[in-house]
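This is what each chain is made of:
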Amino acid sequence: MGYDHQAISSPNFPSFLIFCFITVFFYSSATAKTLNTLQRGSSLSVKNDVSDFLTSPDNSFTCGFYGVGTNAYWFSIWFTHSRDRTVIWMANRNRPVNGLGSRTSLTRDGSMVLTDVDGIQVWSPDLNSTSANLAERAELLNSGNLVLRGPQGEILWQSFDFPTNTLLPNQLFTKGMKLVSNLLGRGNFGSGYYSFYFDNDNVLRLMYDGPDISSLYWPNPGYSVFDNGRTNYNSSRIAVFDDLGRFLSSDLWRFRASDMGLGPKRRLTIDYDGNLRLYSLNSTGFWAVTWEALIQRCRVHGICGRNGICVYTPEPKCSCPPGYEVLDKTNWNKGCIPKFNLTCSEPVKFLKIPNVDFFGFDLKFMESITFSACRKLCVDDCRCQAFRYKLAEKSTTTLCYTKNALFNGHKSPFYPGSLYFKLPLHVDTSLPAKLSVTGSCMDNETMAVVVGSASMYDKKTKRMRWVYLYSFASAVGVVEFFFIVSGWCLLFRRRGAVAPTLQDDFRRISSHFRMYLSSELKKATQNFKEELGRGSSGVVYKGVLEDQRVVAVKKLGDIYHAEDVFWAEVTTIEKIHHMNLVRTWGFCSENKHRLLITEYIENGSLDKHLFSPGFLAWKERLKVAMGIAKGLAYLHHECLEWVIHCDVKPENVLLDSDFEPKIADFGLAKLSQRGGRGSEFSQMRGTKGYMAPEWASNLPITAKVDVYSYGVVILEIVKGIRLSNWVTEDDEEIETEMTRFIRVAKHRIQSGEESWIEDMLDPRLDGEYNRNQAAKMIKIGISCVEEDRSKRPTMDAIVQMLLEC
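Position numbers for residues count from 1 along each chain, tracking the sequence in the order it is written. With pLDDT at 70 or above as the cut-off, local features in this predicted model cover only qualifying residues; side-chain atom pairs require 80 or more to be listed or tallied, and sums for whole chains, interfaces and linings still use all residues. Water and hydrogen atoms play no part in the side-chain values, which are based on all heavy atoms of the structure.

**Digging into the packing of helix α10 (residues 704–719) against helix α11 (residues 737–751)**
Each pair of packed helices gets described by two things: the angle between the helix axes and the distance between those axes.
Next, step 1: To get an axis, a line is fitted to the C-alpha atoms, and for a helix only the part in contact is used. The angle between two axes follows their N-to-C directions and goes from 0 to 180 degrees. Here a strand is any run of E in DSSP of at least two residues, a helix any run of H or I of at least four, and the numbering for each starts at the N terminus. Look at α10 against α11: their axes get within 12 Å of each other, and the N-to-C directions meet at 75°. As far as their axial angle goes, α11 and α10 are roughly perpendicular. Contact residues: V712, L715 and K719 in α10; M738, F741 and I742 in α11. Here is the rule for angles: anything less than 35 degrees is roughly parallel, anything more than 145 is roughly antiparallel, 65 through 115 is roughly perpendicular, and the remaining ranges are oblique. By definition in these notes, contact holds between two residues if any of their heavy atoms fall within 4.5 Å.

Below is the structure:
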């Protein structure tokens, strides 16, 4: 179609072919040259804005000049098939070359040299003196590793030994290596302020090393090495992750990708925002985050700079406190600067901001001190910029911290107490009346304290000053009395309406995980009008928050009326985040009210789709089985705190608009330090039919109870009926559907019947299923419900088995 058949069949056709060949040859030469190896005496260069390239044999990676803008180039390695050509290594990240005429050469004496357009050497790999002249060729391997090989094929140098901000599968990370983030913003490849490395105590850490301070922020610097699940009793300092997405370090830190298994290309990158993330490349060429070090990104130090406070909106965003302004709106790392110049002698006032803390830089720390005494410490010290006052955790002891610098500000509903900024009297801290943020039982307040006045002892105004001092002392007494009466309330109730002490940005905190008033939730649910469901832990109602988010509000049962039980569990819920777990937005702990606010899931619970006249196709059933397994594996193996669900059943699995499963009620469970003495317990919990036999046998309970429940659920997904129901014969209960299902399945598997799978499946599938997947799911389910819990697989092993379907 569209061709001249006569021309093709004519004697001139060979000439036509030669012409086409020459045209294509010259066109290719004028555009780009793709190589598998770079031989001695050859080079890669930037010509006419098009670079020569080295490619890996499988075409997964490309090495060459990576250009940004009009005339800036980096000698780099990137993923060939990612949409944005994601860079994983750079030779000259802090000094781009000038494009036209710049080249990377493997010289005739065996050295690799990067030169700028003017011939100045920008970079050259360090080779030892005995092999400097022996490099025969450069190769880009399928692993993404650029290597220089000697005459015998030995590796003389490799890019894997000099990472920039990214680690690839099977790339060893050892002592002396660092991943260093890029600078803020896309296209800024220079070395940033965040690094990932083995510290001197042999523990992997994340550190902020900015212009003003250096600060460790992960793992939690407030915990010991062992509390963080690490050990410093190792000397190898080595870490690696494999092609399945499993990471293991010599300090015993480990994690797994949420999509663990062979297939996707992966990278571990420290991003410009200071978070360490594992990414997987999907079929469309885009990256998906499958693990990250800090779910609460405000815990990254330096993210908002000096004086800045990180709040959730629900995404992290930086704010300046009243009296301060941002230095550079395009780069919050530079922080906020005061709009005043506070001298040591002028009168001051203190601006109270609840639930805020600035990490470190404490001038003094005092225990069992009154509020006025704590404030006086800051008043009397010219270096003091603010003080923090709170009750000690699970105690009535008061704690006072005075601070000489304000870095790493973070606002969280789980920070008890308040921070008091020291400001001149003239600073305006008024706000619109509509502004509302989370507070404590004590309203925010701006307190005036006159110190160092030049006329303090002027006899002409002595009477006025004594009146002021008496009034002030009385006011302080009232405040202290109110504080003592309200101390316990300070820890466990939401702060009321905010006085004019914050800037507009603080309003954003109200949309993330926070404490709600019961009146707010009553309004959101129209007095708990629309019931979505009920279970052993409480009743769930539909609601709409002020920001128009549709939520599910659960009124918890009597077991959670104890403050310590509820507070311990809700603190853990805040730390947990996974795509297959229902997102929790907040809570209420007011008087006897104990409520949880979670995301609203459109398609309701699994049982309504599985056991009703409705129908789930095989593809959705497999997705549900996989998602539940991944969510439980995260709870069992990846949380710092070990979480056993204890009530896995279809009613506690919700399906979103894409039928992606999300496990509910996961936080109202057994919480303990993984591997600690409290990793087993025996308090009865769960739903008949899904409860493991060890409950009835009074054996210690472990994560294997969830494995048993999952086994029941996955078999119900396959069969499409309640297997926990009893079968009756002549009005006598003889066995459960589950027992009969397993007995029949085992018999048919052992007998080798070819049609055994069809007889075990939901007849509504009508043949529309994958036979191998169905067989694997049935066998997994049977193994999960073994009487002997030691024979049951772990949830991470189940995920791997499903990935191999």
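After that view of the structure, there is still more to cover.
**A closer look at the side chain of Q171**
Next, step 1: Counting through the fold element by element, Q171 comes out in the loop between β15 (166–167) and β16 (173–174).
Next, step 2: Under the relative-accessibility criterion, Q171 is labelled buried at 3%.
Next, step 3: For Q171, the side chain forms a polar contact with the main-chain nitrogen of L168, separated by 3.0 Å.
Next, step 4: When sequence neighbours within four positions are dropped, the list of residues in contact with Q171 reads S159, F160, P163, T166, A239 and V240. Residue burial is assigned from relative accessible area. The probe radius is 1.4 Å, only protein chains are included, and a residue is buried under 20% of its type maximum, exposed over 50%, and partly exposed in between. In protein, a polar contact means a hydrogen-donor-capable atom and an acceptor-capable atom, both N or O and within 3.5 Å, with residues adjacent in sequence counting only if both atoms are side-chain atoms; elsewhere, any N or O pair within 3.5 Å suffices.

**What about the packing of aromatic side chains?**
Next, step 1: Any pair of Phe, Tyr and Trp rings, taking the six-membered ring for Trp, is counted once the centres come within 6.5 Å. Such a pair is stacked with planes under 30 degrees apart, edge-to-face with planes over 60 apart, and tilted for the rest. The full count for this structure, using the stated rule, is 39 aromatic pairs.
Next, step 2: When the ring of W253 is compared with that of W291, the centres are 5.5 Å apart and the planes differ by 50°; the resulting orientation is tilted. Pair noted here: W253 is in the loop between β22 (246–249) and β23 (254–256) and W291 is in strand β26 (residues 287–292), with a separation of 38 residues, a long-range link. The pair formed by W253 and W291 is uniform in burial state, with each residue classed as buried.
Next, step 3: Note on geometry: a ring has a charge over it if NZ (lysine) or CZ (arginine) is within 6 Å of the ring centre and within 35 degrees of the ring normal. Taking the ring centre of Y279 as reference, the NZ or CZ of R267 above it sits at 4.0 Å.
Next, step 4: When the ring centre of W287 is taken as reference, the NZ or CZ atom of R267 above it lies at 4.3 Å.

**Overview of the state of the cysteines**
Next, step 1: Any two cysteine sulfur atoms within 2.5 Å of one another count as a disulfide. Within the structure shown, the criterion is met by 6 disulfides.
Next, step 2: Through a disulfide, C304 is tied to C318; the S-S separation comes to 2.0 Å. Across the disulfide from C304 to C318, rotation about the S-S bond amounts to roughly -85°, and the bridge is consequently left-handed. Taken as a pair, C304 in the loop between β26 and β27 (309–312) and C318 in strand β28 (residues 316–319) lie far apart in primary sequence, 14 residues in all. Across the pair, C318 and C304 agree in class, each one buried.

**Section: the pattern of salt bridges**
Next, step 1: Note on definitions: salt bridges are taken to be side-chain nitrogens of Lys or Arg within 4 Å of carboxyl oxygens of Asp or Glu. The full count for this structure, using the stated rule, is 29 salt bridges.
Next, step 2: Among the salt bridges present, the one from R383 reaches D381, with a minimum N-O distance of 3.0 Å.
Next, step 3: For R383, a relative accessible area of 53% translates into the label exposed.
Next, step 4: The residue R534 makes a salt bridge to E531 at a minimum N-O spacing of 2.9 Å.
Next, step 5: Classification of R534 by relative accessible area gives exposed; the value is 60%.
Next, step 6: Its relative accessible area of 40% is what places E531 among the partly exposed residues.
Next, step 7: Residues joined in a network through salt bridges with shared partners are D271, D273, R277 and E292.

**Thoughts on the environment of L581**
Next, step 1: Tracing the chain through its elements places L581 in the loop between α6 (563–575) and β43 (584–590).
Next, step 2: Counting along the chain gives 80 residues from L581 to P661, while the straight-line C-alpha distance between them is 7.9 Å.
Next, step 3: Setting aside residues up to four positions removed in sequence, L581 forms contacts with I576, E599, G631, Y634, L635, K662, I663 and F666.

**With respect to the sheet that holds strand β17 (residues 178–182)**
Next, step 1: Here we have 4 strands laid out as an open sheet, ordered β17-β18-β19-β20, and antiparallel in their pairing. The sheet is open, and its two borders are formed by β17 and β20 (214–218), each paired with just one other strand. In this sheet, adjacent strand axes meet at a mean angle of 30° when their direction is disregarded.
Next, step 2: Here, a strand pair is defined by DSSP locating no fewer than two bridges between the strands. As paired elements, β17 and strand β18 (residues 191–198) share 4 bridges and run antiparallel to each other. Within β18, the position partnered with V180 by the bridge is S195.

**Some remarks on the environment of R85**
Next, step 1: Here R85 is to be found in the loop between β7 (72–79) and β8 (87–90).
Next, step 2: Classification of R85 as partly exposed rests on a relative accessible area of 31%.
Next, step 3: Distance in space between the C-alpha atoms of R85 and G285 is 9.2 Å, their sequence separation being 200 residues.
Next, step 4: The residues touching R85, leaving out its near neighbours within four places in the chain, are Y66, G67, W78 and F79.

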